[in-house]
Amino acid sequence: MFAKNVGSIDRILRIVVGLVVLSLFFIYPDASWRYFTLIGIVPLLTGLLSTCPLYSIFGMSTCPMKKV
């Protein structure tokens, strides 16, 4: 469906950051800013799917080049 444009290091960082930010949602249940941490879903999904829509728009990729 989407071309993979997220490399392995970028992918790992996105997953870790997404999980850390989402964990704040559960760690601070009474915080007024709690629902802003749901933005962690975005890096988590882009890391799990190995594709980033913004990278596609700007023509970027962190995947290694394929050898022909």
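This report concerns the structure included in the present document. (Residues numbered from 1 in each chain as written. Predicted model: local features only at pLDDT ≥ 70, side-chain atom pairs only at ≥ 80, totals over all residues. Heavy atoms only, no water.)

1. Details of the side chain of Thr-51
Heads up, the rule is: Helical segments are the DSSP runs of H or I of at least four residues, strand segments are the runs of E of at least two, and each set is numbered from the N terminus. Two N or O atoms form a polar contact when they lie within 3.5 Å of each other; inside protein one atom must be a possible hydrogen donor and the other a possible acceptor, and for residues adjacent in sequence the pair counts only when both atoms belong to side chains. Note on definitions: a residue-residue contact is assigned when non-hydrogen atoms from the two residues lie within 4.5 Å.
Note on placement: Thr-51 falls in the loop between α2 (41-49) and α3 (53-58). At a separation of 3.1 Å, a polar atom in the side chain of Thr-51 contacts the main-chain carbonyl oxygen of Ala-3. If we skip the residues at most four places from it in the chain, Thr-51 touches Phe-2, Ala-3, Asn-5, Val-6 and Thr-46.

2. Re helix α1 (residues 8-27)
For clarity, the threshold we go by: Between the first and last residue of a helix there are one fewer steps than residues, each counted as 1.5 Å, and that sum is the expected span. A 1.4 Å probe rolled over the protein chains alone gives each residue an accessible area, and that area as a share of the maximum for its type sets the label: buried under 20%, exposed over 50%, partly exposed in between. Here the arc refers to the directions that run from the helix axis out to each C-beta atom.
Compared with an ideal rise of 1.5 Å per residue, which puts 20 residues at 28 Å, α1 spans 28 Å between its outermost C-alpha atoms and is within 8% of the ideal. Among the residues of α1, Asp-10, Arg-14, Gly-18, Leu-22 and Phe-25 are the ones counted as buried. Along α1, the residues classed as buried sweep out an arc of 85 degrees about the axis, all on the same side. Opposite the buried face of α1, at more than 90 degrees from it, the exposed residues are Ser-8, Ile-9, Ile-12, Leu-13, Phe-26 and Ile-27.

3. Description of a nonpolar patch on the surface
Selection rule: For patch detection, residues must exceed 30% relative accessible area and be free of salt bridges, and they are connected within 9 Å for like charges or within 5 Å for nonpolar side chains (Val, Leu, Ile, Met, Phe, Trp, Tyr). Each accessible area is a Shrake-Rupley estimate made with a 1.4 Å probe; only the visible protein chains count as cover when residues are assessed. The rule for a salt bridge is simple: a side-chain nitrogen of Lys or Arg has to be within 4 Å of a carboxyl oxygen of Asp or Glu.
Together, Tyr-35, Leu-38, Ile-41, Leu-45, Leu-48 and Leu-49 line one region of the surface with nonpolar side chains, adding up to about 580 Å² of accessible area. Classification of Leu-38 as partly exposed rests on a relative accessible area of 33%.

4. Things to note about the environment of Thr-62
Looking at the secondary structure, you find Thr-62 in the segment after α3. The partly exposed category is assigned to Thr-62, whose relative accessible area is 37%. C-alpha of Thr-62 to C-alpha of Val-42: the two residues are 20 residues apart in sequence and 17 Å apart in space. Beyond its immediate sequence surroundings of up to four residues, Thr-62 is in contact with Asn-5, Val-6, Gly-7, Asp-10 and Tyr-55. A distance of 2.6 Å separates a polar side-chain atom of Thr-62 from the backbone nitrogen of Gly-7.

5. Observations concerning α2
Those residues of α2 that sit buried are Leu-44, Thr-46 and Gly-47. At its buried positions, α2 is contacted by α1 and α3. A positive backbone phi angle near 60 degrees is found at Ser-50, which sits one or two residues after α2.

6. Some remarks on the packing of aromatic side chains
Selection criterion: Classification of ring pairs uses Phe, Tyr and Trp, with its six-membered ring standing for Trp, and accepts pairs whose centres are within 6.5 Å; under 30 degrees between planes counts as stacked, over 60 as edge-to-face, and the remaining range as tilted. Cation placement over rings: the criterion is NZ of Lys or CZ of Arg within 6 Å of the ring centroid and within 35° of the ring normal.
Counting across every chain of the model gives 3 aromatic pairs. Seen from their ring centres, Phe-25 and Phe-26 are 5.1 Å apart, and the 85 degrees between their planes marks the pair as edge-to-face. Relative accessible area serves as the criterion here: at 12%, Phe-25 is assigned to the buried category. You can call Phe-26 exposed: its relative accessible area is 64%. Three or more aromatic residues joined by ring pairs make a cluster, and in this case those are Phe-25, Phe-26 and Tyr-35. One cation-aromatic arrangement involves Arg-14 over Tyr-55; the distance from NZ or CZ to the ring centre is 5.0 Å.

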